[in-house]
Amino acid sequence: MNKLKNILLIITGGIAAYKSLELIRRLKDQNINVTCILTKSGSEFITPLSVSSLSGNHVYSDLFNLTDENKMGHIELSRAADLILIAPATTNIISKMAYGSCDDLASTVLMATNKPVYIVPAMNVRMWHNPATQRNIQTLVEDGVKFIGPDKGDMACGEYGLGRMSETQEIIDTILEHETSLLKQPLKMFSALVTAGPTRELIDPVRYISNKSSGKQGYAIAESLHHMGARTTLITGPTNIPLPIGPTIIKVNTAEEMLNATEALLPVDIAICAAAVSDYKANHGINEKIKKNGENITIDLTENPDILKRIGKRNSSRPSLVIGFAAETSDLLKNANYKLTAKGCDWILANDVSDGKIFGDDNNKIEFITKHSSHSWEKMSKEKVAEKLSKNIINYFTS
Ligand code: C5P
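Along each chain, residues carry numbers from 1 onward, in the same order as the chain's sequence is written. Where totals are concerned, whole chains, interfaces and linings use all residues; where local detail is concerned, this predicted model gives features only for residues with pLDDT of at least 70, and gives and counts side-chain atom pairs only at 80 or more. Note that water and hydrogens are dropped before the side-chain values are worked out from all heavy atoms of the structure.

Draft legend 1. Region of the structure containing the sheet that holds strand 9 (residues 191–196). The criterion for strand pairing is that DSSP finds at least two bridges linking the strands in question. Runs of H or I in DSSP of at least four residues are treated as helices and runs of E of at least two as strands, each being numbered from the N terminus. Strand order across the open sheet formed by eight strands is 13-12-9-14-17-18-20-21, with mixed pairing between neighbours. For this open sheet the edge positions go to strand 13 (248–251) and strand 21 (374–376), each flanked by a neighbour on one side alone. Ignoring which end each strand starts from, the neighbouring axes of this sheet average 15 degrees apart. In this sheet, strand 21 lies alongside strand 20 (residues 367–370) in antiparallel orientation, the contact comprising three bridges. Within strand 21, the position partnered with Phe368 by the bridge is His375. Residues count as neighbours in contact if any of their non-hydrogen atoms are within 4.5 Å of one another. Only the contacting stretch of a helix is used when fitting its axis, a line to C-alpha atoms as for every element, and angles between N-to-C directions run 0 to 180 degrees. Contacts from helix 13 (residues 332–342) reach strand 17 (321–328), strand 18 (347–352), strand 20 and strand 21, with the element oriented near 150 degrees to strand 18.

Draft legend 2. Inspection of the sheet that holds strand 1 (residues 6–11) at higher detail. Here we have six strands laid out as an open sheet, ordered 3-2-1-4-5-6, and parallel in their pairing. Pairing within the sheet leaves two strands with one partner each, and these edge strands are strand 3 (59–60) and strand 6 (146–147). One ladder, built from two bridges, connects strand 5 (residues 117–121) with strand 6; its direction is parallel. Bridging across to strand 6, Ile119 finds its partner in Phe147. Here helix 2 (residues 48–55) sits on the sheet and contacts strand 1, strand 2 (33–38) and strand 3; the angle it forms with strand 2, its principal contact strand, is near 170 degrees.

Draft legend 3. Structural view of the site of the ligand. Whether a residue is near a molecule or strand depends on its heavy atoms: it is near if one of them lies within 4 Å of it. Taken together, the neighbourhood of the ligand is formed by Cys273, Ala275, Val277, Asp279, Pro305, Asp306, Ile307, Leu308, Gly324, Phe325, Lys339 and Lys343. Here Phe325 contributes a backbone N or O atom positioned 2.8 Å from an oxygen atom of the ligand. One of the side-chain N or O atoms of Lys339 is found 2.5 Å from an oxygen atom in the ligand. Protein contacts shield 86% of the accessible area of the ligand, which totals 450 Å² for the unbound molecule. Of all the secondary-structure elements, those providing two or more residues to the shell around the ligand are helix 12 (307–312) and strand 17. Distance and chemistry together define a polar contact, namely a pair of N or O atoms within 3.5 Å, with one atom able to donate a hydrogen and the other to accept it when in protein, and with adjacent residues in sequence counting only for side-chain atoms on both sides. Areas reported as accessible are Shrake-Rupley estimates using a 1.4 Å probe. Residue values count occlusion only from the protein chains shown.

Draft legend 4. Broad picture of the pairing of strand 9. With six of six residues buried, strand 9 lies mostly within the body of the structure. When accessible area is computed with a 1.4 Å probe and restricted to protein chains, residues below 20% of their type maximum are described as buried, those above 50% as exposed, and intermediate ones as partly exposed. Taking every second residue as pointing to the same face, both faces of strand 9 are buried, with Ser191, Leu193 and Thr195 on one and Ala192, Val194 and Ala196 on the other. Two elements, strand 9 and strand 12 (residues 231–236), share six bridges in a ladder whose sense is parallel. Paired with Leu193 across the bridge in strand 12 is Thr233. Of the pairings in the sheet, the one linking strand 9 to strand 14 (residues 270–273) comprises four bridges and is parallel in character. Directly across from Leu193, in strand 14, lies its bridge partner Ala271.

Draft legend 5. Representation of the pattern of salt bridges within the structure. Should a side-chain nitrogen of Lys or Arg be within 4 Å of a carboxyl oxygen of Asp or Glu, the pair is scored as a salt bridge. Going through the model one piece at a time under the given rule, you end up with 16 salt bridges. In this structure, Glu263 and Arg310 form a salt bridge, with 3.9 Å as the shortest nitrogen-oxygen distance. Of this pair, Glu263 sits in helix 11 (residues 255–265) while Arg310 sits in helix 12, placing them 47 residues apart in sequence. Of the residues examined, Glu263 reaches a relative accessible area of 28% and is grouped as partly exposed. Between Arg314 and Glu263 there is a salt bridge; the shortest N-O distance is 4.0 Å. Taken as a pair, Arg314 in the loop between helix 12 and strand 17 and Glu263 in helix 11 lie far apart in primary sequence, 51 residues in all.

What follows is the structure, given as structure tokens:
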């Protein structure tokens, strides 16, 4: 049984457009509801009437068509489907997607969607091999768009090579397989970064300021997100525990290095700041070893950048979900709620560290705080906290 219920099929203008009629029928055989956008050039090859007769649904074409917008606005069209399939996809739509243009309904819907997008290219072999096309494809692959085909063979124009639209069965098998793997790995289409562990701020070449963070909670979260399929990067300060297997690891020492590594990873879908970042660093040169002279000394400290706040308050490339931690010794809910707003977070996992036990402990007791609610999680292992958090993330993106 597949969970794929609704597909938005975008049919662009190529001779292979006739194959999309068969594709609609076969998708419907799988009990999948198919809504179609037929581009202007697509309608040079097949008629809206044949598409609507086979799909059993209204066919959308124009961005500024009042009747269409009344039936289903372009934003709704981009979100209502479980998956968007572009078949056949011309060089033109591929290039528009790579550049982010929106000059018609199809390209606007593609810009507005938050759903998986599959491209089934169909074009002349020279157009396929053109460096511009290949550059655009590379960009789209990096953006997470998937390609089915093209196949090699005789072309309608009489040439031979890569560029034929994939066979209907192959397209259907690929998207059904996608659905199966999504069920197993629900965050497969998402990227995540996790900061973890303490940071170390040198006060001279051999001494530093740090804290008791073990890194356990952040590592467990990175591991759990990886298991759920997210492309996960763990940015970790120095710890004494084994690194999780699966996530990409970036090791840092200072808050400044952690900030740089974090910003370099953007854009990502999910950012979880579990690191216990040193709030202060030395406000003096660190090349000379501090000598004792029998007197008290004062170390001048300056504030470190707040990584979570920098991410949460970004105007561009802000992750869709920004999650922070708040370790508090008093007024847990009040302080955590304040941090949620002050740092621009979507969620805060707050814990009471007044007994000093959470750092290094295998268990954690979390108050899960969102902009509108707070829930008390019972005390559980840090792995279980990670799993529960992952489940909330999955719900956030899929419900
Ligand atoms: O303000 P406080 O340190 O309690 O905030 C905790 C949260 O902020 C954690 O999510 C921590 O990872 C993050 N943080 C940060 N950069 C800092 C200080 C805290 O990302 N310099």
